[in-house]
Amino acid sequence: MYLVGITGFIGSGKTTIGQILRDLGFVVFDMDVWCRKMYFEKSFLDIIHKNFPQTFINGKFDKKVLRNLVFSNEKELQKLEGLTHPYLKQKLLHIIHKNRLKPYLCFIESALLYKMNLDKYCSDVIITTAPYKVMQKRVMLRDGISADDFDNIFKNQYNNLNVDESCFIINTHQNLSTLTTDILQILSEIEEC
């Protein structure tokens, strides 16, 4: 399996690129989906309750309370990442192991690709970009959060992106047709390697 990472800041267009690739027939693993599913697993919620009891209001988990807590406190964020990152990494390693002999191209979409050192499992990396205000507007509309909430999340991600000459960089602030053309160009370059 030839694995390509897709990463970028929140609201930079990772999901859009992933959907274009799916529409082209490729398999795209979405780490955000894996992460969201964790919060519906009783065993994981028990761990969250033990470590972050203040995120349960009247016995019910409130993810917004957790988000506000961890994005305003670096120590709490590290504690949460210590719980989530091993689970997510194990899931990816399981998929890689299960598909290691298959000769096809797959993608993994993750904002934390570099922070979790998952790039070492990728043959190439695509980094999505967009102007800051565009990313902010996308996330505020999509997630119903404030500009301050976006800024806190963005600041946390800012130091976790390694842009170098070996990465493919795609600006997602353009129409879908142009994005698809750019993706096809990147795919042709990947296939040449």
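The structure under discussion appears in the preceding block.
Residues numbered from 1 in each chain as written. Predicted model: local features only at pLDDT ≥ 70, side-chain atom pairs only at ≥ 80, totals over all residues. Heavy atoms only, no water.

Asker: Sorry, what's going on with a positive patch on the surface here?
Answerer: There is a patch of like positive charges on the surface, built from K37, K91, K98 and K102. Checked against the element boundaries, K37 lands in helix α2 (residues 31-38). By relative accessible area, which is 52% here, K37 ends up exposed. (Patch = residues over 30% accessible without salt bridge, like charges linked within 9 Å, V, L, I, M, F, W, Y side chains within 5 Å. Areas by Shrake-Rupley, 256 points an atom, 1.4 Å probe, with all protein chains shown as cover. Salt bridge = Lys/Arg side-chain N within 4 Å of Asp/Glu carboxyl O. Lys, Arg positive; Asp, Glu negative; His and termini not counted. Charge placed at Lys NZ, Arg CZ, Asp CG, Glu CD. Helix = DSSP H or I, 4+ residues; strand = E, 2+ residues; numbered from the N terminus. Buried < 20%, exposed > 50% of the residue type's maximum accessible area, 1.4 Å probe, protein only.)

Asker: Where do I start with the pairing of strand β6 (residues 124-129) in this structure?
Answerer: A regular strand places its side chains on the two faces of the sheet in alternate fashion. Burial of β6 is extensive: five of the six residues sit out of reach of the surface. One ladder, built from five bridges, connects strand β1 (residues 2-8) with β6; its direction is parallel. Within β6, the position partnered with T7 by the bridge is I127. In terms of strand pairing, β6 meets strand β7 (residues 168-171) through four bridges, oriented parallel. The partner of I127 across the bridge, within β7, is I169. (Pairing = 2+ DSSP bridges.)

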